[in-house]
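Fold and geometry: a report
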Amino acid sequence: QVQLVESGGGLVQAGGSLRLSCAASGRTFSSYAMGWVRQAPGKEREFVAAISWSGGSTYYGNAVKSRFTISRDTAKNTVYLEMNSLKAEDTAVYYCAADPRIDTIVLSATDGRPLEVWGQGTLVTVSS
């Protein structure tokens, strides 16, 4: 079983940057795809980014494409989300997620398919 702990959230001005981290524990981390999903107050869950178990494939939601970068350090059991050019509409709780299948992470917010592991979330607030 993989357990996830996010960190790095906070308050930032529009146009600024933040880096979120997701530390995973569990001996099977290297076989899991990882990703980020966010949920803003009063809004539906939204896919943000995902990375394959090898790190060779990445996917991004349309709202963050070209501004956010996902990466992973298998040796540190950590996934990162580098967020640049932040906008007020990026304000949300960001959840780290893990699943053996990357398509589950990409599509979970769209069709509700369950993710195997969730973190507790970290709040990102972007002031305009």
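Preceding this section is the structure that the text describes.
These lines cover the structure that appears in this document, whether it is placed above or below. (Residues numbered from 1 in each chain as written. Predicted model: local features only at pLDDT ≥ 70, side-chain atom pairs only at ≥ 80, totals over all residues. Heavy atoms only, no water.)

Moving on to the environment of M83. If you trace the backbone, M83 turns up in strand β8 (residues 78-83). Separated by 16 residues in sequence, M83 and R67 have C-alpha atoms that sit 6.2 Å apart. Once residues lying within four places of it in the same chain are set aside, the contact partners of M83 are G16, S17, L18, L20, R67, F68, Y94 and V124. (Helix = DSSP H or I, 4+ residues; strand = E, 2+ residues; numbered from the N terminus. Contact = heavy atoms within 4.5 Å.)

Once that is clear, we can look at unusual backbone geometry. Despite not being glycine, N77 shows a phi value in the positive range, around 55°. Examined against the element boundaries, N77 turns out to sit in the loop between β7 (68-73) and β8. Positive phi is not limited to glycine here, since S85 has a value of about 50°. Among the structural elements, S85 can be located in the loop between β8 and β9 (92-99).

Further remarks concern the pattern of salt bridges. Evaluated as defined, the whole model comprises six salt bridges. Here R38 ties to D90 by a salt bridge, and the two come within 2.9 Å at their closest N and O atoms. Here R38, found in strand β4 (residues 33-39), pairs with D90, found in the loop between β8 and β9; they are 52 residues apart in sequence, far enough to count as distant. Taking relative accessible area as the criterion, R38 reaches 4% and is therefore assigned buried. Assessed through its relative accessible area of 0%, D90 is described here as buried. With its nearest N and O atoms 2.7 Å apart, the salt bridge here joins D111 to R113. Judged by relative accessible area, R113 falls into the partly exposed class, the value being 28%. Here the salt bridges share partners, and the residues they tie into one network are R38, E46, R67 and D90. (Salt bridge = Lys/Arg side-chain N within 4 Å of Asp/Glu carboxyl O. Buried < 20%, exposed > 50% of the residue type's maximum accessible area, 1.4 Å probe, protein only.)

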